[in-house]
Structures are given as structure tokens and as C-alpha cells.
Amino acid sequence: MEPTNTRSPDHFHKVVDCQWACPAHTPVPEYIRLIAAGRYADAYMVNWQSNVFPGILGRTCDRPCEPACRRSRVEEGSPELRKASAKPEPVAICRLKRVAADYKDDIRPRLPQPPATRNGKRVALIGAGPASLTVARDLAPLGYACVVFDGDAKAGGMMRTQIPKFRLPDRVIDEEVGYVLDGGIEFRSNAHIDSLAALLSSDAREHFDAVFVGSGAPRGRDLDIPGRREAAANIHIGIDWLASVSFGHTTKIGRRVVVLGGGNTAMDCCRSSRRLGGDDVQVVVRSGFDEMKASPWEKEDAMHEGIPIHNFLVPLEFTHEQGKLTGVTFEKVAAQRDERGRRKRVPTGEPPLHFPCDDVLVAIGQENAFPWIERDLGIAFDDWGLPQVDPITMASTRSGVFFGGDAAFGPKNIIWAVAHGHEAAISIDLHCRGEALSNRPPPHVNLASQKMGIHEWSYDNAIAGDRRYRVPLKDVTIALKDIRAEVELGFDPKLAYAEAQRCLNCDVQTVFSDRLCIECDACVDICPMDCITFTGNGDEGDLRTRLTAPAPNLSQALYVSAAVRTGRVMVKDEDVCLHCGLCAERCPTGAWDMQKFLLEMAHADDRAQPRVRASAPSLAAAD
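Just so it is clear, the structure is predicted and the values come from calculations on it, not from any experiment.

About the criteria used
- Residues numbered from 1 in each chain as written.
- Predicted model: local features only at pLDDT ≥ 70, side-chain atom pairs only at ≥ 80, totals over all residues.
- Heavy atoms only, no water.
- Core = buried A, V, L, I, M, F, W, Y, C linked by side-chain atoms within 4.5 Å.
- Buried < 20%, exposed > 50% of the residue type's maximum accessible area, 1.4 Å probe, protein only.
- Helix = DSSP H or I, 4+ residues; strand = E, 2+ residues; numbered from the N terminus.
- Contact = heavy atoms within 4.5 Å.
- Pairing = 2+ DSSP bridges.
- Axes fitted to C-alpha atoms, helices over the stretch in contact; angles between N-to-C directions.
- Disulfide = S-S within 2.5 Å.

**Thoughts on the nonpolar core**
Within soluble globular proteins, side chains that are nonpolar tend to cluster in buried spots.
And then number 1: In terms of nonpolar packing, the biggest core is built from 69 residues, with Phe53, Leu139, Leu196, Phe403 and Ile428 touching the most fellow members.
And then number 2: Tallying contributions element by element places helix α17 (residues 414-432) first for this core, with 10 residues.
And then number 3: Contacts of Phe53, omitting those with residues within four sequence positions, involve Pro130, Leu133, Thr134, Met159, Glu176, Val180 and Val418.
And then number 4: The next biggest cluster of nonpolar side chains, apart from the first, holds 63 residues, and it includes Ile32, Ala496, Val511 and Trp592.

And the structure:
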């Protein structure tokens, strides 16, 4: 293998698994160290630069960072960290993000201010959800006049209308959406866009140099089975029903409720139903429990509130009497694989099951809806009604029109919408300046040694053996009485500090210098994870089998040095490294060094002002 190019940011970026997995590439270990030091405002600003909505995401993010967290892997592979009764679990990254939001002081003086003069360019943003707000936040400091249109009275999009208040209180949305709108952005509430052609027309009353579509996926899928029309009065589309609850239009539901669907919307529907009078609420899903799209913690929360989940049941019919819903009939199915290995559901032949109920909530998915976009504008759509969007630039097939969030690629989650918004803002800025959209600015990268003496480091490399700490919850009997009472209470500073200690500082990289190595094998002897091997070179498949501990995880690259004095190479398995620094402490020549890697993605507003950076102290400094 060729020596690893450590000058390329991708190798070390991928080693910081949590940051690599985050669509917005938030520097997670950086803000966790700041939280441990009690520097909550600094931690908040590190988050705010990348994910825009730390308080919102600290409560609602789908947490793609946590399954990637190295902590789970090393707990499984390390006798020191593994406990017989403990399931390996990642650091509670998402809930630590909320800590920064809950305990920060006033950060408004640290937010960018709109420039004294505009640059003469105007951008229309359709929909006031997370994608549009991110675009506006990034463009406003550059002098763009950003006008956000939304059909609702308040900005926030699905964050405000579809996430129940017991998960995300209005005060959190108001605060963080306010940070964006107060940056010189015009918000036009109750403003439906009925025609994109009219907005783009050169004869329009006001001209826009670019348009961003962040209108989400506003249409819930229906279920067309017998009885749907006859019992329509008590069969509700999940996302529409949640919005009606959010606005206070719906305040009660029947005692017996069946929720159809296995995603997060279904979990929100069933938990909301429990708070509005449903004391017999049941979730019914076509797939198996492990295959449900709902996040594991969402399923756990629902069951904690006494809501059963039934799997492998396919709805056959809504039963009714004289136009009144009486229940739902289901067919029992089993999961099998065909001759090509594809999963399919096969009827078991058992008698149908009937679930009596007073109301049904249909939460089986969402779809895009663009009746207001004329099909002769040069914007191409695929067979599923999705616009054809470049996944890098977020550009549509019509110059100057960009998409992001659920409107671009279908339903995902808030953090993906934010990531789309950052990229779209760069593209809009390039478009308005007449530059190629492919001319993307590089990320900001820093790699700095943490050595302070012969065996002294500027970060604490002690590995805490604690299990993951649980977020305290409001007593369930109290929580179910008030649909606006927040269920999760969040970590207090003491719990936050303890959970932060579980972070392995994966951004403090082990950097090797082949010129300084004397091949004493001290690093090999002291490594607690058997990560390091000195061996003859070969192709990757061969090398992975000859390491001290074989490295089967092909998604994590090997760290391979140039030849050392005997012609061998140093090969390090980055997959399970603890980043404990013992190799660097033990090395007599300094061939190993611990260097902190900080990567911040480029945003459009980088040209307007320097980044808000905070130097993260050692965890020991917070003691």
C-alpha cells in the first residue's frame, strides 16, 4: 500500500467517526470538551456554526453521529471498558448538545450582524423550515436581501408544526429561529406561493436573483383500502393531524386509537394521542420491530408510556357501521427472502386480526407536493415527483433555482436540511457572482501537536469506564396530563460532565513519523487495543489479515507509513484505536505525536467574517 496521505483532510476526518457521520460535520469532540470545562456558550457557538439549531437538534436530531461513535466499538473490544451486564453504547452526543443550549449565557453579541450596505442581490426562500433558514443565515452577512415566504404565521416549518411540544417546546424554536431572522432577514408570514412562474417572471413587482425551495414534504401518504371513504371522519393523516394539534385546533381524540406506521411520525402520533384522551393506543406496523424506521429511542419512549407496538400486520380494511369507524382488520405476514435474497412479506395463513378503535392515524410516509411549480419552467422532475437536484450544489435543472431539505430528496431529518442549506448558500453566492457552482471552497483544517513536555499533554487521555448516563424524564403520569410539558429534563451540569468524560477525544490523532522510528516496538507492546503492527508491505487485503489484530472493518482506512529502517511499514488499525496516547508517551524518539485535528466545513458567510473559534481546554482543566 502507498503511505497514507495525512495532508489530505479526509483521512483524519474519517477517523473522527461522529463528525464524519454528521451531515453538517459538526466537530463533536471539540464542543464536548468545552461542555466538560463548563464553557457552554463556547460549545453552543461551535455547534451554531455548523448545525444552526443546537437547542432544537439537541432534542430532536436523528443522531447519525451516535451509531458511528467509536465508544461502542472499543467497549465491545476492550476488557477494561466492557462490563458483563452492559451493552456497549455510544456517547450521548445529541443530549450533550442540548446541555450547551440549556446552560449558555447570552450569545446574541457573538452572532453576525447584517452589513451596513446590501450587495444589491435578492434571494427568495420558499418555506421557513431549517433548510431555508440556514441558507438565509449564511447569505445575510454577505449583504444579500433574503426574503423568506411561508404559509404559516410563524417561521420554523416542520420543526414547529410536526414535532410535538412535549419533545420540542415553542420557546426553543422561537429563540433559535429568532437568532436567524434577527440577522437582517425579511420573513413574510401567511404568504402562500401559488406559482413559481409568477415569482420568477421578469414582469414581477420585485426581482429575485435566485430562488431556494425549502418547502419540505408536506403531503402525508394515505391508505386506500375498503372502508376508507365510509369511515373518513375518524381516519386522519398523521402529519396533518400533528399540525392541527400543534396549532391547537385539535384538542382531543377517541379513547381507542390505532396508529398505522413505523416511523418517527407514528411515534409522535401515538404519544400525542395518549395526551389527548387516548388510553388504549396501539401502533401497528407492516415490518418487523428492528426494521421500523423510527429511531430506537423513539420506540423506547413510546413503550415507556404504555403504548404497545404490533409488527408484521398488514391493514386489510377499515370496519364501520353506518359511517362510523369501528376498527381495522389486519392480515398476519412473515418476512421471507426470495431466490434473489430480497425481503418480502408473505401471508402466514392465520385468521385476520381485528383491532377495535375510535380513531385511526395514518403515518405511513410523506411525499413531496409541488402543484405550484409549473412544468414548463425547465425544472425537471423524476417519476416520483422529486426535482432533479445536484446532490453537491443543490441546483435544479433551471439556473438560479435551488432545492434543499425534504423538498430536494424526500423526507429525512433536520440535520440533513441544515447541511443542504449550507451547500445551497455557497451555490447561490457563486451563481450571483457569476462563478461556476463547482468552485466549492475547501474546509478549514488545523492539525496541532498537543505535546507540552516530554510526557505531558494538553488534553486528558484518561479513559472513563462509565456506562452511558440516562437523561432524566418527567414522571410519566404527570407527563401524560399535559401535551405541552417537555418530557426529557436534560442533563444537569454534573451529569453532563460525567457523560462528557466518556468521549475518547477521537479528534486527537496519533500521527507517526517514519524518519524518527527506531523500531523498538515499544508502541506495539503498550497499545491496549493491539492497533499497531510493523510488518512487510503488501496490498490492503493481505495487510488486513497480517495485523496483530485483524482489521475486518473496510469502511475505516488503515494508517500506513512509508518504509522504516528495516524496510517494514507501520500499519495502524484506525477502527478501534482509543486515542489514549500511550504510544506517544512510550515512544523514546517522538516518532508518535498526539495532534488535535479540527475540521470546519466552509460556509458562504466565511467571506464576510472570521469563524467563531474557541480553544477547547483539557478535560482535566474542568475538575
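Next, the rest of the story.
**Quick word on the sheet that holds strand β17 (residues 444-449)**
And then number 1: Spatially, the three strands line up as an open sheet ordered β17-β22-β18, and their pairing is antiparallel. Of all the strands in the sheet, the pair left with one neighbour each is β17 and β18 (508-512). Strand-to-strand twist of the sheet, defined as the mean angle between neighbouring strand axes without regard to direction, takes the value 35°.
And then number 2: In terms of strand pairing, β18 meets strand β22 (residues 592-600) through five bridges, oriented antiparallel. Counterpart to Gln509 in the pairing with β22 is Gln595.

**Considerations on the sheet that holds strand β20 (residues 558-560)**
And then number 1: Taken together, three strands build an open sheet; the order of strands is β19-β21-β20 and the sheet is antiparallel. This sheet does not close on itself; its edge strands, each paired only once, are β19 (532-535) and β20. Ignoring which end each strand starts from, the neighbouring axes of this sheet average 25° apart.
And then number 2: Two elements, β20 and strand β21 (residues 569-573), share three bridges in a ladder whose sense is antiparallel.

**Observations regarding the state of the cysteines**
Each disulfide consists of one covalent bond between the sulfur atoms belonging to two cysteines.
And then number 1: Enumeration over the complete set of coordinates arrives at zero disulfides.
And then number 2: Looking at the unpaired Cys520, the closest cysteine sulfur is the one in Cys587, lying at 6.1 Å.
And then number 3: Residue class for Cys520 comes out partly exposed when judged on its relative accessible area of 40%.

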